Amino acid sequence: MPTISIITTVYDAKDYLPLTVNSILAQTFTDFELILVEDGSPNGCGEVCDELARADGRIRVVHKPNGGPASAANAGLDAATGRYISYVDSDDLLEPEVEKMKAEAAKYAIQEEDVLT
């Protein structure tokens, strides 16, 4: 199970998605999965997502009929297996600071052993 699940919803992002994905894959922290949720985009985004996933085992692709951003984000959340969740837009570039984000989140996270059952 990866520490972080990074979810990127994809619709009409064929031209800039590879740049976004490369910025995510360039993180110094590597214990993450990248879930690309292809939301029924008509312009070949699904093929781009599949090609990117073939190039790096940390990438998983969820293909779904178009349902809008919230529906795609929820599909990514359903597929996520990480302890922490992050969303990155398909046209964003991510600075190599996911490790810092994880450290900050861990400071305030409730540990499983602290939860009363």
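Let me begin by describing the structure that accompanies this report.

Conventions and cut-offs
Residues numbered from 1 in each chain as written. Predicted model: local features only at pLDDT ≥ 70, side-chain atom pairs only at ≥ 80, totals over all residues. Heavy atoms only, no water. Core = buried A, V, L, I, M, F, W, Y, C linked by side-chain atoms within 4.5 Å. Buried < 20%, exposed > 50% of the residue type's maximum accessible area, 1.4 Å probe, protein only. Helix = DSSP H or I, 4+ residues; strand = E, 2+ residues; numbered from the N terminus. Contact = heavy atoms within 4.5 Å. Salt bridge = Lys/Arg side-chain N within 4 Å of Asp/Glu carboxyl O. Polar contact = N/O pair within 3.5 Å; in protein donor to acceptor, adjacent residues only side chain to side chain. Pairing = 2+ DSSP bridges. Right-handed = clockwise from strand over helix to strand, strands pointing away.

1. Let's talk about the nonpolar core
Here is a general trend for soluble globular proteins: nonpolar side chains tend to be buried in one another's company.
No. 1: Membership of the largest hydrophobic core comes to 19 residues, with the highest contact counts inside it found for Leu17, Val21, Leu34 and Leu36.
No. 2: Elements that contribute at least two residues to this core include exactly strand S1 (4-10), helix H1 (17-25), strand S2 (32-38) and helix H2 (45-55).
No. 3: Those residues in contact with valine 21, other than ones at most four positions away along the chain, are Leu34, Leu36, Leu52 and Ile59.
No. 4: Counting seven residues, the second-largest nonpolar core is a separate cluster that includes Ile7, Ile35, Val37 and Ala72.

2. What to know about the pattern of salt bridges
No. 1: Going through the model one piece at a time under the given rule, you end up with three salt bridges.
No. 2: Residue lysine 64 pairs with aspartate 39 through a salt bridge whose shortest N-O separation is 2.9 Å. Here lysine 64, found in the loop between strand S3 (59-63) and helix H3 (69-79), pairs with aspartate 39, found in the loop between S2 and H2; they are 25 residues apart in sequence, far enough to count as distant.
No. 3: Using a relative accessible area of 16% as the deciding quantity, one classes lysine 64 as buried.
No. 4: For aspartate 39, a relative accessible area of 3% corresponds to the buried category.
No. 5: With a closest N to O distance of 2.9 Å, arginine 58 and aspartate 56 form a salt bridge.
No. 6: Look at arginine 58 and you get partly exposed, because its relative accessible area is 21%.

3. A closer look at the environment of aspartate 56
No. 1: Structurally, the position occupied by aspartate 56 is in the loop between H2 and S3.
No. 2: Using a relative accessible area of 16% as the deciding quantity, one classes aspartate 56 as buried.
No. 3: In this structure, the C-alpha to C-alpha distance between aspartate 56 and alanine 70, residues 14 residues apart in sequence, is 26 Å.
No. 4: A distance of 2.8 Å separates a polar side-chain atom of aspartate 56 from the backbone nitrogen of arginine 58.

4. A look at the pairing of S1
No. 1: Burial analysis of S1 places six of its seven residues in the buried class, the great majority of the element.
No. 2: The sheet contact formed by S1 and S2 spans seven bridges and is parallel. What sits directly across from valine 10, in S2, is glutamate 38.
No. 3: Traced from S1 through H1 to S2, the parallel crossover comes out right-handed.
No. 4: As paired strands, S1 and strand S4 (residues 84-87) are joined by four bridges and run parallel to one another.

Purely geometric stuff here, so don't read any function into it on its own.
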